[in-house]
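Residues per chain are reported as follows:
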Amino acid sequence: SDIVDLCLIPEVEVKLEDILEHVGKTVERKGFCVIAVAEGAGQSFVATGKRDATGHTIYGDIGTFLRDKVNEYMKPKGGRSFYIDPSYIIRSAPVRPIDHTFCSRLSIDAVHAAMRGYTGVCVGPVHDIVVILPSKLIASGKKTVNTKRSAWQTCVQACGMPHQLAGYSAAR
């Protein structure tokens, strides 16, 4: 995307100074800067050290932390930042007829799985086919981004991110 200027993911440790420097340079060049932050990114700044009842990490709020730090950095230059929590955007999307159809399909398949005696399973789409998967399989792993693969490298290039924010060594 030509819109996002910085993409932060948990697999890449970054320094706050590098983020702020990139924001400053981008604002000078474009007049604005858009940062996309994945869940779990930047926890070195905001880690809670807590876990929920299932043992999963409770993440600190990197979004508000970055907003405050960027505002602090930009204020002397006459700038400011805005923070949009995506959970509000997701909840505010209007319902479409296909949503009703999809939810009906999932509920019917979930009931069928229960009536067959399956327990500890989830019903959901895999490549546009509704399937029944063991819950343990779904919860067993954590998806990660391989920063050496082309998908991440394409993201870095599209955003115009400097090496230190992309997880590459400066000597590269």
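Refer to the structure presented above.
Definitions and cut-offs
- Residues numbered from 1 in each chain as written.
- Predicted model: local features only at pLDDT ≥ 70, side-chain atom pairs only at ≥ 80, totals over all residues.
- Heavy atoms only, no water.
- Helix = DSSP H or I, 4+ residues; strand = E, 2+ residues; numbered from the N terminus.
- Buried < 20%, exposed > 50% of the residue type's maximum accessible area, 1.4 Å probe, protein only.
- Contact = heavy atoms within 4.5 Å.
- Areas by Shrake-Rupley, 256 points an atom, 1.4 Å probe, with all protein chains shown as cover.
- Lys, Arg positive; Asp, Glu negative; His and termini not counted.
- Charge placed at Lys NZ, Arg CZ, Asp CG, Glu CD.
- 1 Å grid on protein atoms, 1.4 Å probe; cavity = no way out; pocket = protein on both sides within 12 Å on 5 of 7 lines; lining within 4 Å.
- Points joined across faces, edges and corners; volume = space filled by probe spheres on them.
- Nonpolar A, V, L, I, M, F, W, Y, C, P; charged D, E, K, R; others polar.
- Salt bridge = Lys/Arg side-chain N within 4 Å of Asp/Glu carboxyl O.
- Disulfide = S-S within 2.5 Å.

**With respect to the overall build of the protein chain**
- When you go through the protein chain residue by residue, the secondary structure sums to eight helices and six strands.
- For the protein chain, the α and β elements follow one another from N to C terminus as β-α-β-α-β-β-α-α-α-β-β-α-α-α.
- In terms of overall dimensions, the protein chain has a C-alpha envelope of 65 × 35 × 35 Å along the principal axes.
- Counting across all 172 residues of the protein chain, residues that qualify as buried make up 24%.
- Contacts spanning at least 24 positions in sequence make up 50% of the contacts within the protein chain whose residues lie at least 6 apart.
- Counting every atom, the protein chain has about 12400 Å² of accessible surface; 58% of that belongs to carbon and sulfur.
- Computed over 21 positive and 17 negative side-chain charges, the inter-centroid distance for the protein chain is 3 Å.

**Concerning the layout of surface pockets**
- There is about 880 Å³ of room inside the largest pocket.
- Lining the largest pocket are 31 residues, and of these Ile35, Val37, Phe82, Tyr83 and Ile84 sit closest to its centre.
- Take the lining of the largest pocket: its biggest share by element is six residues, from helix α3 (residues 62-74).
- Looking at the lining of the largest pocket, its residues break down into 19 nonpolar, seven polar and five charged.
- Lining the second largest pocket, in full, are His56, Thr57, Tyr59, Ile138, Ala139, Gly141 and Lys142.
- When grouped by side-chain class, the residues that make up the lining of the second largest pocket number three nonpolar, three polar and one charged.

**With respect to unusual backbone geometry**
- For His127, which is not glycine, the phi torsion reads 50 degrees and is therefore positive.
- Within the secondary structure, His127 sits in the loop between β5 (121-126) and β6 (129-134).
- Positive phi values are uncommon outside glycine, yet Asp128 reaches one of about 65 degrees.
- In this fold, Asp128 is placed in the loop between β5 and β6.
- Of the residues examined, Asp128 reaches a relative accessible area of 80% and is grouped as exposed.

**So, the pattern of salt bridges**
- Counted by the stated rule, this structure contains five salt bridges.
- In this structure, the salt-bridge partner of Lys30 is Asp5, at a minimum N-O distance of 2.6 Å. Highlighted residues: Lys30 in helix α1 (residues 16-30) and Asp5 in the segment before β1 (6-8), separated in sequence by 25 residues.
- Salt-bridge contacts for Asp99 lead to Arg96; the nearest nitrogen and oxygen are separated by 3.7 Å.

**Considerations on the state of the cysteines**
- Scanning the model with the defined rule gives zero disulfides in all.
- With no disulfide of its own, Cys33 has Cys159 as its nearest cysteine by sulfur position, at a separation of 9.6 Å.
- Judged by relative accessible area, Cys33 falls into the partly exposed class, the value being 21%.
- Cysteine Cys155 remains unbridged, with the sulfur of Cys7 as its closest cysteine sulfur at 4.0 Å.
- Residue class for Cys155 comes out partly exposed when judged on its relative accessible area of 22%.

The quantities given are spatial measurements derived from coordinates; they are silent on function.
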